[in-house]
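What follows is each chain in one-letter form.
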Amino acid sequence: MRRKSEPKNHMSCELRAVSVNESVCRAIIGVFLAPENPTATELADIKCAVSEAVTNAIVHGYGAGNEGIVYLGAEIYPDRTVRITVRDKGKGIEDIALARRPLYTTDTSGERSGMGFSVMESFTDRLRVLSRPGAGTRITMYKRLS
Ligand SMILES: Nc1ncnc2c1ncn2[C@@H]1O[C@H](COP(=O)(O)OP(=O)(O)OP(=O)(O)O)[C@@H](O)[C@H]1O
Ligand SMILES: [Mg+2]
């Protein structure tokens, strides 16, 4: 979804890959979108999708050790489309199609259900996943506000 128009606002930030930053990212995206007056449902959906992507970067991208940076970016376009990017320079994903399948998880602790990508997909209009083993992962999500 290549956009012809320039964004009317954008932001980007870097956060350490520690679990407290899942809620920090939720808050940042909420504040950034507030001037657009999204509905409560839109806001909850976007926060949830961001939280899943950031959690994945922290838990799967970097894993234990807190060594790494999570990059969060967002843009708002004149037609009220929001584009959100969550990026890590962690271990990357071998098979993206497999990883995106509902219930697929590489977690062995029993803590994860393999539903993160499904949540991101259903709570946004479009989800793009780019990843290279050893290089990292970039998640791009689009949602048009009403
Ligand atoms: N940023 C990432 N870096 C490396 N691997 C990832 C990343 N994001 C996802 N994955 C891989 O994709 C799989 C599926 O991710 P998904 O978010 O759908 O499920 P989960 O994180 O395992 O469980 P849940 O999100 O329900 O807690 C993960 O188990 C992991 O192997
Ligand atoms: Mg997940």
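All figures in this text were calculated on a predicted structure; none of them were measured in a lab. (Residues numbered from 1 in each chain as written. Chains lettered and ligands numbered in written order. Predicted model: local features only at pLDDT ≥ 70, side-chain atom pairs only at ≥ 80, totals over all residues. Heavy atoms only, no water.)

Student: Provide a residue-level description of empty space enclosed by the protein, including the pertinent values.
Tutor: If you walk through the whole model with that rule in mind, you get one cavity of 30 Å³ or more. Considered as a void within the structure, the largest cavity measures approximately 30 Å³ in volume. Together, Ile46, Val82, Ile84, Thr124, Met141, Tyr142 and Lys143 line the largest cavity. When residues of the lining of the largest cavity are traced back to their parent elements, those giving at least two are strand S3 (81-88) and strand S5 (136-144). The residue makeup of the lining of the largest cavity, split by class, is five nonpolar, one polar and one charged. (1 Å grid on protein atoms, 1.4 Å probe; cavity = no way out; pocket = protein on both sides within 12 Å on 5 of 7 lines; lining within 4 Å. Points joined across faces, edges and corners; volume = space filled by probe spheres on them. Helix = DSSP H or I, 4+ residues; strand = E, 2+ residues; numbered from the N terminus. Nonpolar A, V, L, I, M, F, W, Y, C, P; charged D, E, K, R; others polar.)

Student: Quick one: what's the story with the nonpolar core, residue by residue and with numbers?
Tutor: By size, the foremost hydrophobic cluster in this structure holds 31 residues, and its most contacted members are Val50, Ile84, Ile139 and Met141. Elements with a contribution of two residues or more to this core: strand S1 (9-16), helix H1 (20-33), helix H2 (40-62), strand S2 (69-76), S3, helix H4 (116-123), strand S4 (126-132) and S5. Ranked by the residues each element gives to this core, the list is headed by H2, at eight residues. (Core = buried A, V, L, I, M, F, W, Y, C linked by side-chain atoms within 4.5 Å. Buried < 20%, exposed > 50% of the residue type's maximum accessible area, 1.4 Å probe, protein only.)

Student: Lay out the site of ligand 1 in plain terms, naming residues and giving numbers.
Tutor: Near ligand 1 there are 19 residues, and of these Asn56, His60, Thr105, Thr106 and Met115 occur at the shortest range. Between ligand 1 and Thr106 there is a distance of 2.5 Å, counted from an oxygen atom to a side-chain nitrogen or oxygen. Within the side chain of Ser113, a nitrogen or oxygen atom sits 2.9 Å from an oxygen atom of ligand 1. The cavity where ligand 1 resides is the largest pocket. At the level of elements, H2 and H4 are the ones that each hand at least two residues to the shell around ligand 1. Looking at the shell around ligand 1 element by element, the count peaks at five residues for H2. Its residues assigned to classes, the shell around ligand 1 comprises six nonpolar, ten polar and three charged. (Near = heavy atom within 4 Å. Polar contact = N/O pair within 3.5 Å; in protein donor to acceptor, adjacent residues only side chain to side chain. Sits in = over half its atoms within 2 Å of the grid points.)

By themselves, these are just geometric observations and shouldn't be taken as functional.
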